[in-house]
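Results of the structural survey
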Amino acid sequence: MPVHRRSQLLARALVLTAAATTALGVTTSGSAQAAPGAPDAPSRKDVKAQVEQLYNEAEQASEKYNAAQEAQQRLQGETTVLQGEIAAAQEQLNQLRGDLATVAGAEYRAGGMAQTVQLMLATDPEGYLARARTLDQAAERQNETLHELVTRQRGLDQRRTETAAKLAELDQARRTLADSKQDIQQRLAKAQRLLNSLGVAERARMAAQDAQEAEQRATRGTDRLDLGTTPPASERGAAALAAAVRMIGSPYVYGSTGPRAFDCSGLMYYSWRQAGVSLPRTSQAQAYAGQRVSLSEARPGDLVIFYRDMHHVGMYAGGGVIVHAPYPGARVRYESVNAMPVAGVVRL
C-alpha cells in the first residue's frame, strides 16, 4: 500500500468521529482498559482497516441520507401542489353540481306532459314556444355540464390517487432518512469504540501526529502546489473551482452544503451553485450530471467521482490534484487524485 494511502487511512481512523458525531448527535464512551477476561485488544493495523471500512460505509449511508432528504423535499413540494389542485378541482366540481341542480329544477317545473299537449292547452302559445326553446337550450347545457362533471370527477379521482402515492413515497423517504442517519451514527460509534481500544497514550500520540499532517494538507495554498497550466473547460468551471478553493479549511459535516461546513457532494453542490449551475445533491446523481471524460482529459472544475459505488466526489484543480471535503473531522483541502480509486470524470 502506498505511503500516502497508509497515512490517509491513519488520519481517517483518528479523526473520524470528531465533527460528525457532534453533528449527528452520537454519544460514545469507552475505556482504554480491557475488561478482565476480555480478548486481547486489536492491533493498530486491524483498527485502521476496520475504521477505514466503517468510514466508507458511513459515507455511503451519508449519500443515501442526502438522496432521501432531497426526495423528501421534492415530494413535499409535489404533494402540496397536488393537494392545492384537489381543493381547486373540488370547488369547481361543487359549482358544476350546483349548475346542474338548477337546470334539473327548471326542467322538473316545466315537465309533466308532452310539448304538443302543452302547446294545445297553453293560453299563450307564443310564450310557451319561447319557453320551450329555452328548455331545449337548457337541456343542451345540461348535457354539456354532465359531460364536464364526469370529466372533472375523473381528473379529481386521478389527482387523489397521485397524491396518495406521493404521500406513500414521502413516508418511505422519511423512513429511509431516519434509517440512514441511524446507520451513520452506529458506524461512527463503532469506530470510536475501536479507537478507544488502542489505549489513551497511543491514541493521543497518533492523533497529534495525524492531526498535524491533516492540518498541513488542509491549509497549504496554491503557491505550494503545482496545479499545472491547463485552463478550465469553461468560465463557469473556473468560477466553481474558485468557490471550492475559497472553502479550503471548512469542516466536513455529514449532510451539509455550506456555507460553513460541507460533505463531499455538498461542496460540489455549493461551489457550482456559486457559478450559476444547480447540481443534483448526491455524488451518485452528480456522476450523471454532465459529459463523461477520461481522467487524462480532466480540466479544472471537472467533477471526479470515486469508488465503484460512486459515494465520494471531488473537483479537479489541475496537476493531478483535487479539492474535496474528505471525511469527518477533516477539513476541505487539496489531495492527490490518486488517493482514491477513480470511477469517472464529469464535465459540466
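Refer to the structure presented above.
Note that the structure is a prediction, hence the values are computed from the model and not measured.

1. Examining the packing of aromatic side chains
Think of a pair of aromatic rings as described by two things: how far the centres are apart, and how the planes are tilted against each other in angle. Under the criterion given, the structure shown has 2 aromatic pairs. Between Tyr-252 and Tyr-254, the aromatic rings sit 5.3 Å apart at their centres with planes inclined by 85 degrees, giving edge-to-face as the arrangement. Judged by its relative accessible area of 1%, Tyr-252 is buried. Looking at Tyr-254, the relative accessible area reads 6%, which means it is buried.

2. A look at the sheet that holds strand 4 (residues 321-324)
The strands that make up a sheet pair up through hydrogen bonds in the backbone, lying either parallel or antiparallel. Overall, antiparallel pairing links the 6 strands, which are arranged 1-6-2-3-4-5 in an open sheet. The open sheet has two free edges, formed respectively by strand 1 (291-293) and strand 5 (333-336), since each of these has just one partner strand. Sheet twist, expressed as the average angle between the axes of neighbouring strands with direction ignored, equals 40 degrees. Along the sheet, helix 7 (residues 235-246) makes contact with strand 3 (312-318), strand 4 and strand 5, crossing strand 3 at roughly 110 degrees. Its contacts with the sheet put helix 8 (residues 264-274) on strand 2 (303-306), strand 3 and strand 4, and the angle it makes with strand 3 is roughly 50 degrees.

3. Here we look at the nonpolar core
In this structure, Trp-272, Leu-303 and Met-315 are the most contacted members of the largest nonpolar core, which totals 38 residues. Mapped by element, the contributors of at least two residues to this core are helix 3 (44-110), helix 5 (125-196), helix 7, helix 8, strand 2, strand 3 and strand 4. Per-element tally for this core: the top contributor is helix 8, with 6 residues. Not counting residues up to four positions away in its chain, the partners in contact with Leu-303 are Met-268, Trp-272, Leu-279, Gln-286, Val-313, Gly-314, Gly-344, Val-345, Val-346 and Leu-348. Counting 10 residues, the second-largest nonpolar core is a separate cluster that includes Val-293, Phe-306, Tyr-307 and Ile-322.

4. Some thoughts on the side chain of Gln-72
Considering the arrangement of structural elements, one finds Gln-72 in helix 3. Among residues more than four places away in sequence, those in contact with Gln-72 are Leu-170, Ala-173, Arg-174 and Leu-177.

5. Let's talk about the pairing of strand 3
Counting buried residues in strand 3 gives 7 out of 7 residues, a clear majority hidden from the surface. Across 4 bridges, strand 2 lies against strand 3 in antiparallel orientation. Across the sheet, the residue bridging to Ile-305 is Val-313, located in strand 3. Here strand 2 hands over to strand 3 after 5 residues, with Tyr-307 in that stretch at a positive phi of 75 degrees. Counting the residues between successive antiparallel strands, the hairpin from strand 3 to strand 4 contains 2 residues, one of them, Gly-319, with a positive phi of roughly 60 degrees.

6. Some points on empty space enclosed by the protein
Tallied over the full model, the rule gives 1 cavity of 30 Å³ or more. The computed volume of the largest cavity comes to approximately 40 Å³. Together, Ala-233, Ser-234, Gly-237, Trp-272, Pro-300, Gly-301, Asp-302, Arg-347 and Leu-348 line the largest cavity. When the residues that make up the lining of the largest cavity are grouped by side-chain class, the tally is 4 nonpolar, 3 polar and 2 charged.

7. Details of the pairing of strand 2
Of the two faces of strand 2, the one lined by Leu-303 and Ile-305 and the one lined by Val-304 and Phe-306 are each fully buried. Pairing analysis gives 4 bridges linking strand 2 to strand 6 (residues 342-347), with the strands arranged antiparallel. Within strand 6, the residue paired with Ile-305 across the bridge is Gly-344.

Rules used throughout
- Numbering of residues begins from 1 in every chain and follows the order in which that chain's sequence is written.
- Whole-chain, interface and lining totals are the exception, using all residues; otherwise, since this is a predicted model, local features are given only for residues with pLDDT of at least 70 and side-chain atom pairs are given and counted only at 80 or more.
- Only hydrogens and water are set aside when side-chain values are computed; all heavy atoms of the structure are taken into account.
- Pairing of aromatic rings covers Phe, Tyr and the six-membered ring of Trp, with a centre-to-centre limit of 6.5 Å; geometry is then stacked below 30 degrees between planes, edge-to-face above 60, and tilted otherwise.
- In this scheme, a residue with accessible area under 20% of its type's maximum is buried, one over 50% is exposed, and one in between is partly exposed, where area comes from a 1.4 Å probe on protein chains only.
- Criterion used throughout: strands pair if DSSP finds at least two bridges between them.
- The helix count covers DSSP runs of H or I at least four residues long, the strand count covers runs of E at least two residues long, and both are numbered beginning at the N terminus.
- A fitted line through C-alpha atoms serves as each axis, taken over the contacting stretch for helices, and the angle formed by two N-to-C directions is quoted from 0 to 180°.
- Every residue pair with non-hydrogen atoms within 4.5 Å of one another is taken to be in contact.
- Put simply, a nonpolar core is a bunch of buried Ala, Val, Leu, Ile, Met, Phe, Trp, Tyr and Cys residues held in one set by side-chain atoms that sit within 4.5 Å of each other.
- Any residue with an atom within 4 Å of a point lines the site, the site being either a cavity, points on a 1 Å grid over the protein atoms alone where a 1.4 Å probe fits but cannot get out, or a pocket, an open set with protein on both sides within 12 Å along at least 5 of 7 lines.
- Grid points are joined across faces, edges and corners, and a volume is the space filled by probe spheres set on the points.
- Nonpolar residues are Ala, Val, Leu, Ile, Met, Phe, Trp, Tyr, Cys and Pro. Charged residues are Asp, Glu, Lys and Arg, and all others, Gly as well, are polar.

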